[in-house]
Protein chains: 2
Amino acid sequence: MKLLVLSTVLKQRHIDKIRETSDRYDLSVAFTDSEVNIPEGFEDPDIVYGFGTGIARRSRDLKWLCVPSAGVDYLMSPECFMNEDCILTNSSGSYGVTIAEHIIAVSLMMMRRLTYHFEETSQGTWGEERYLQRSLKDSRITVLGTGDIGIEFARRARAFEPLSIKGINRSGICDDPAFDSIDKIDSIDEILMSTDLLVMSLPSTPETVDILDRRRIGLLPDDAFVVNVGRGSAIDEEALADALDEGHIAGAALDVFKTEPLPSDSRLWNTKNLLITPHVAGNLTLEHTLDKNVDMFVEDLDNYMSGRPLRYIVDRKRGY
Amino acid sequence: MKLLVLSTVLKQRHIDKIRETSDRYDLSVAFTDSEVNIPEGFEDPDIVYGFGTGIARRSRDLKWLCVPSAGVDYLMSPECFMNEDCILTNSSGSYGVTIAEHIIAVSLMMMRRLTYHFEETSQGTWGEERYLQRSLKDSRITVLGTGDIGIEFARRARAFEPLSIKGINRSGICDDPAFDSIDKIDSIDEILMSTDLLVMSLPSTPETVDILDRRRIGLLPDDAFVVNVGRGSAIDEEALADALDEGHIAGAALDVFKTEPLPSDSRLWNTKNLLITPHVAGNLTLEHTLDKNVDMFVEDLDNYMSGRPLRYIVDRKRGY
């Protein structure tokens, strides 16, 4: 059997770890940076760890694709896999810590008006105006999507003494004590009306597309802030831009967009109080994220090779 | 007796609270925005709450000055008080929460390279480069000054799962569990050598001037970050700028400076990886800060009028 690993960021310790496990099962393994540089003999591997979307699309032999991303929306249409029984695993669970830090960072940047101050000081101006600050302390926080990211964020946000942290998900169930309450998605409208900070960490599925639509944006208080780190498809971007430009909400920080990179003619570039980051909340440069990402793959490699069920499997119908 | 309150930010509820307490003791009270608009009959008040530095300098009758700031370095020279027995209280204790949020915000902005990304996106550019991120997770944090600010920061930082949070102060004593250890200032050199994030929240006293001098900056690892929210006097700014420009440390976020506003010809404006904020970490626009500030004054007003010792008294010799 053959395993092909595609990555530009792995360190020697990660390579050693993958090789050790492969050796234990007489699995041949090759490492390369991308699908355009496939080592000889590995054109049709049994297993791929990395963004092997091209191989998945053309190879009948691929039995398992493990992607280093949490979201797998780009692998949902039927033509993505030549072998329709190909197993898909993702790396949801490795990004919670790093994306939680991003959410706290951008929330505070907006609430404390550091975006304003930084724009002034980075132009060499002290800036005399003292903008009205808001704080995580005493805020009513709503977390839409209570997976790994939502939970790690809530744990950190808790230390800032918010008034409340409410989680919303499909089942209404999440037993992590970081949330004060968990509600089903049906209750979202009511909860939005008393939300100071809305954090969105949802996978992209048919049900989450435009879940924050124009009507729901209208339910948020005028001084509410929105952070999206899940997928851009979850927000009606036009409606959000209108709300920001007209001051119907206080600010938004988007790391994900319907189209990425954000097109240069997008009106979002000129939208008021919008903090744009170029999909970097969960990038793999953080050692902790990368270590966990590799650990998760190796755990499932061990499972796969010894015939046990995989742990990080994606339900290709549900989409996450 | 007469109480003069100088403030531009008090809300009606704060005015009511101060008036209630004053009424209880038959204390006459007047409110105004600044020393240039003193209401008739209040030119020589017994008590001032606010930045009454002019009154302190010229009035023999002033018995107690309560300033809404934490730092009182600007009141330390003998000519600051005409009445040398005038009591001075400060508002250290009201700023911990807001300044702790600032420290977390700027630390994450630097460590996660959000300053780079924000500079790019605020110019309308997506920015293809993915900078090497660092995180609070697994960082070795050192907090120089373990008062209210240091403690509130450490409590929040704890939730990010750092490797360690070490406190340094004069006595080597602080029983707050947010710190893994507390060391005396004598140990600073050794601790700096294994610090990823140095947070400085010191009052300005003769002992803290240039406490982070060129030699000590040289002890920090190349990938260390420095945050100063105490007083600008604590850092040799020239040496810090050299270290940043030459890449001997990874970044610094300064909210305080030797001269404020930072002069337009200061080299700090053009120093690499330096995040400048215009002394806003502890500004009084945050409701929580202002409420606590007023509560502390009213508590001591009650103490003063009933002859009990004041709680928030400043040792004018020690300087805090």
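Residues numbered from 1 in each chain as written. Chains lettered and ligands numbered in written order. Predicted model: local features only at pLDDT ≥ 70, side-chain atom pairs only at ≥ 80, totals over all residues. Heavy atoms only, no water.

S.K.: Requested: an account of the relation of the copies chain A and chain B, with residues and values cited.
M.R.: It takes a turn of 180° to lay chain A on chain B, together with a shift of 0.0 Å along the axis; the resulting RMSD is 0.0 Å. In the structure described here, the two chain copies are related by an operation that fits a two-fold rotation axis. Identified as the residue of chain A closest to the rotation axis by C-alpha distance is A:Ala105, at 2.6 Å. Mapped onto chain B, 100% of the interface residues of chain A are again interface residues, and the two copies thus contact each other with one and the same surface. (Least-squares fit on C-alpha atoms with pLDDT ≥ 70 in both. Contact = heavy atoms within 4.5 Å.)

S.K.: Can you explain the domain arrangement of chain A? Please cite residues and give values.
M.R.: All names here are of chain A. If you check the domain split of chain A, you get domain 1 (2-94 + 285-305) and domain 2 (96-276). Counting residues at the interface gives eight residues for domain 1 and six residues for domain 2. Buried surface at the junction of domain 1 and domain 2, summed over both partners, amounts to about 570 Å²; 52% is from carbon and sulfur atoms. Inspection of the domain 1/domain 2 interface yields one salt bridge. A salt bridge links arginine 231 to aspartate 73; the shortest N-O distance between them is 2.6 Å. Counting the contacts that link domain 1 with domain 2 gives two residue pairs in polar contact (both at pLDDT 80 or more). Of the residues that constitute the side of domain 1 that touches domain 2, the class distribution is one nonpolar, six polar and one charged. (Domains from an automatic or database assignment. Buried area = accessible area lost by both parts, 1.4 Å probe. Salt bridge = Lys/Arg side-chain N within 4 Å of Asp/Glu carboxyl O. Polar contact = N/O pair within 3.5 Å; in protein donor to acceptor, adjacent residues only side chain to side chain. Nonpolar A, V, L, I, M, F, W, Y, C, P; charged D, E, K, R; others polar.)

S.K.: So, the environment of A:Ile47: which residues are in play, and what are the values?
M.R.: Residue and element names in this part refer to chain A. Note that isoleucine 47 resides in strand β3 (residues 47-49). Classification of isoleucine 47 as buried rests on a relative accessible area of 0%. For the pair isoleucine 47 and leucine 4, spaced 43 residues apart in the sequence, the C-alpha separation amounts to 6.3 Å. Residues contacting isoleucine 47, with those up to four places away along its chain left out, are Met1, Lys2, Leu3, Leu4, Leu27, Leu62, Trp64, Phe297, Leu301, Tyr304 and Met305. (Helix = DSSP H or I, 4+ residues; strand = E, 2+ residues; numbered from the N terminus. Buried < 20%, exposed > 50% of the residue type's maximum accessible area, 1.4 Å probe, protein only.)

S.K.: If you had to explain the packing of aromatic side chains to someone new, which residues and values would you point to?
M.R.: For the coordinates displayed, the defined rule picks out 14 aromatic pairs over all chains. Grouping aromatic residues by their ring pairs yields a cluster made of A:Tyr49, A:Trp64, A:Phe297 and A:Tyr304. Looking at B:Lys2, its charged tip hangs above the ring of B:Phe42, at a distance of 5.5 Å from the centre. The side chain of B:Arg316 reaches across the aromatic face of B:Phe81, ending 4.0 Å from its centre. (Phe/Tyr/Trp six-rings, centres within 6.5 Å; stacked < 30°, edge-to-face > 60°. Lys NZ or Arg CZ within 6 Å of the ring centre and 35° of its normal.)

S.K.: Please set out the sheet that holds strand β10 (residues 225-228) of chain A residue by residue, giving values where relevant.
M.R.: All names here are of chain A. Strand order in the open sheet formed by seven strands is β8-β7-β6-β9-β10-β11-β12, and the pairing between neighbours is parallel. Of all the strands in the sheet, just β8 (181-184) and β12 (274-276) have a single pairing partner and so form its edges. Each adjacent strand pair in this sheet contributes to an overall mean axis angle of 15°, direction not counted. Here helix α3 (residues 96-111) sits on the sheet and contacts β9 (197-200), β10, β11 (251-254) and β12; the angle it forms with β10, its principal contact strand, is near 155°. (Pairing = 2+ DSSP bridges. Axes fitted to C-alpha atoms, helices over the stretch in contact; angles between N-to-C directions.)

S.K.: Outline helix α4 (residues 114-121) of chain B, supporting the account with residue identities and numerical values.
M.R.: Count 3.6 residues to each turn of an α-helix, and residues three or four apart come out pointing the same way. Within α4(B), burial applies to B:Leu114, B:Thr115, B:His117, B:Phe118 and B:Thr121. Down the axis of α4(B), the smallest arc covering the buried residues is 165°, so these residues share one side. The inward-facing, buried residues of α4(B) contact α3, α4 (114-121) and β12 of chain A together with α3 (96-111) and β12 (274-276) of chain B. (Arc of directions from axis to C-beta.)

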